[in-house]
Amino acid sequence: MRKSRFDFLELGDELPIPEPDVLGAPEKPKIRPELLRGARLAVVEVIGERGERLGQFGFPMGVCCDFEGNLYVADTWQHRVQKITPDNKVYGYGGYGRELGKFCNPSAVAVDTRQIIYILEMGNHRVQKLGQDGFYFCTFGGQGREPGLLQAPEDMCLDFWNNVIVADTGNHRIQVFDPNGRWQQEWLAREAGGFRFPKGVFADSEGRVIVCDSGNNRLVFLDLRGNVQQIIEGGVGTKRKFSLPVSAKVDADGNLWVVDAEQMQLIKLSPEGERLAAFGPNLGATGKLRDPRSLAIDPDGDLYLSDSGNHRVLKLGYRAARPRGYAPGESTPPA
């Protein structure tokens, strides 16, 4: 059986913080003709299974894609981040520990346009910043309730200027840091009654920040100063849009994709919040979704969903795709 190249990267000692990144605007994912014809969303690739080897996962939470199509996975129970390339090479960063370059329950990962990796650790209540080769840049955060400190944070994202926006879940707030980890501000959404256990955060290309205000079963839209612009309520009953939003992204058509951890679905909403479609929990031959946690959209417009309870990541698309080492129904790389 052919094996992928599995390389763990050794991490160095603490080094000086680099100069701030100079960025251009992120590209929107492409809209393919298939979407306009109303093609049905389907699982086109199953990535991983439960295990400790590279290419396997233990309750993967955060996922993201860079502009080259590499997939990054916060492999939470294995205390590491994995990078999976389009040609099926797999790299690992971290391993359990409290020291610099090690992780405790990483819950989210983000990559900037220079491919610098930001890792959010729920267990260590901090963010670490690494290069692609494992080169250590800096750490910020730490456990606490004061500004700049974190309490069991579950998600983060980068805005247009590479500011790091953190869903400080246990402190019921959003915090913003500059690219080098200097604290900037906190957002509490007091005019909307405040956040309650926010679990997801996303900065779109229009300058909005979307917060999955999970404890209040709603999406809260903020500007880059933290002012509330829009609220989309979830709710209860058979016609509810969603009930426990934990991740949200915007596609190139302006539609919202929301991961609902309670209904175990991926839900598509219009820009105005109208429910358009739902995916899951039943996936046919691929089984059922179990505790989905995070969503990413790659440069081609395909979706990656962390199916955490099943210890795998699903690639969703509107057409057949050549598997990246894994195919629907397979649990190991093909021969």
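Not measured: the values here are computed from a predicted model.

Considerations on the overall build of the chain
The secondary structure content of the chain amounts to one helix and 25 strands. Intrachain contacts of the chain at a sequence separation of at least 6 include 50% that bridge at least 24 residues. Only carbon and sulfur atoms are counted for the fraction: they give 49% of the accessible area of the chain, which is about 14,300 Å².

A short note on the environment of Gln-128
Along the polypeptide, Gln-128 turns up in strand S9 (residues 126-130). When the C-alpha positions of Gln-128 and Ile-117 are compared, they lie 8.2 Å apart, and in sequence the two are 11 residues distant. The contacts of Gln-128, once residues within four sequence positions are left out, are Glu-99, Leu-100, Gly-101, Lys-102, Phe-103, Ile-117, Tyr-118, Ile-119, Glu-121, Tyr-136, Cys-138 and Thr-139. Within the local environment of Gln-128, its side chain forms a polar contact with the backbone oxygen of Lys-102, the two atoms lying 2.7 Å apart.

Considerations on the state of the cysteines
Within the structure shown, the criterion is met by zero disulfides. A disulfide-free cysteine, Cys-64 has its sulfur positioned 6.7 Å from the sulfur of Cys-65, the nearest such atom. Taking the relative accessible area as the measure of exposure, Cys-64 reaches 9% and is therefore buried.

A closer look at empty space enclosed by the protein
As enumerated under the stated definition, the model contains one cavity of 30 Å³ or more in all. One number sums up the size of the largest cavity: a volume of about 80 Å³. In terms of lining, the largest cavity is formed by Met-61, Gly-62, Ser-107, Glu-154, Asp-155, Lys-199, Val-246, Ser-247, Arg-293 and Ser-294. Looking at the lining of the largest cavity, the elements that each hand over two or more residues are strand S3 (60-65), strand S19 (245-250) and strand S23 (292-297). Residue composition of the lining of the largest cavity, grouped by class: two nonpolar, four polar and four charged.

Some words on unusual backbone geometry
Here the bond from Gly-280 into Pro-281 is cis, since omega is 0°, no more than 30 degrees from zero. Relative to the helices and strands, Pro-281 is located in the loop between strand S22 (275-279) and S23. One non-glycine residue with positive phi stands out, namely Asn-105, at about 50°. When you line up the elements, Asn-105 lands in the loop between strand S6 (90-94) and strand S7 (106-111). One non-glycine residue with positive phi stands out, namely Ala-152, at about 50°. Turning to its location among the elements, Ala-152 is positioned in the loop between strand S10 (136-141) and strand S11 (155-158).

Here's the deal with the nonpolar core
The biggest cluster of nonpolar side chains holds 18 residues, and the ones touching the most others in it are Leu-41, Leu-266, Leu-303 and Leu-316. Those elements that provide at least two residues to this core are strand S2 (42-47), strand S20 (256-260), S23, strand S24 (303-307) and strand S25 (312-317). Leu-316 has contacts with Leu-41, Ala-42, Val-43, Val-44, Leu-266, Phe-279, Asp-302, Leu-303 and Leu-305, leaving out every residue within four places of it along the chain.

A look at the side chain of Gln-265
The residue Gln-265 is located in strand S21 (residues 265-269) in this model. Looking at Gln-265, the relative accessible area reads 11%, which means it is buried. In this structure the side chain of Gln-265 is engaged in a polar contact, spanning 3.3 Å, whose partner is the side chain of Arg-275. At 3.1 Å, the side chain of Gln-265 and the backbone oxygen of Gly-280 are in polar contact. Those residues in contact with Gln-265, other than ones at most four positions away along the chain, are Val-258, Val-259, Asp-260, Arg-275, Ala-278, Phe-279, Gly-280, Pro-281, Leu-289 and Pro-292.

Parameters and conventions
Residues numbered from 1 in each chain as written. Predicted model: local features only at pLDDT ≥ 70, side-chain atom pairs only at ≥ 80, totals over all residues. Heavy atoms only, no water. Helix = DSSP H or I, 4+ residues; strand = E, 2+ residues; numbered from the N terminus. Contact = heavy atoms within 4.5 Å. Areas by Shrake-Rupley, 256 points an atom, 1.4 Å probe, with all protein chains shown as cover. Polar contact = N/O pair within 3.5 Å; in protein donor to acceptor, adjacent residues only side chain to side chain. Disulfide = S-S within 2.5 Å. Buried < 20%, exposed > 50% of the residue type's maximum accessible area, 1.4 Å probe, protein only. 1 Å grid on protein atoms, 1.4 Å probe; cavity = no way out; pocket = protein on both sides within 12 Å on 5 of 7 lines; lining within 4 Å. Points joined across faces, edges and corners; volume = space filled by probe spheres on them. Nonpolar A, V, L, I, M, F, W, Y, C, P; charged D, E, K, R; others polar. Core = buried A, V, L, I, M, F, W, Y, C linked by side-chain atoms within 4.5 Å.

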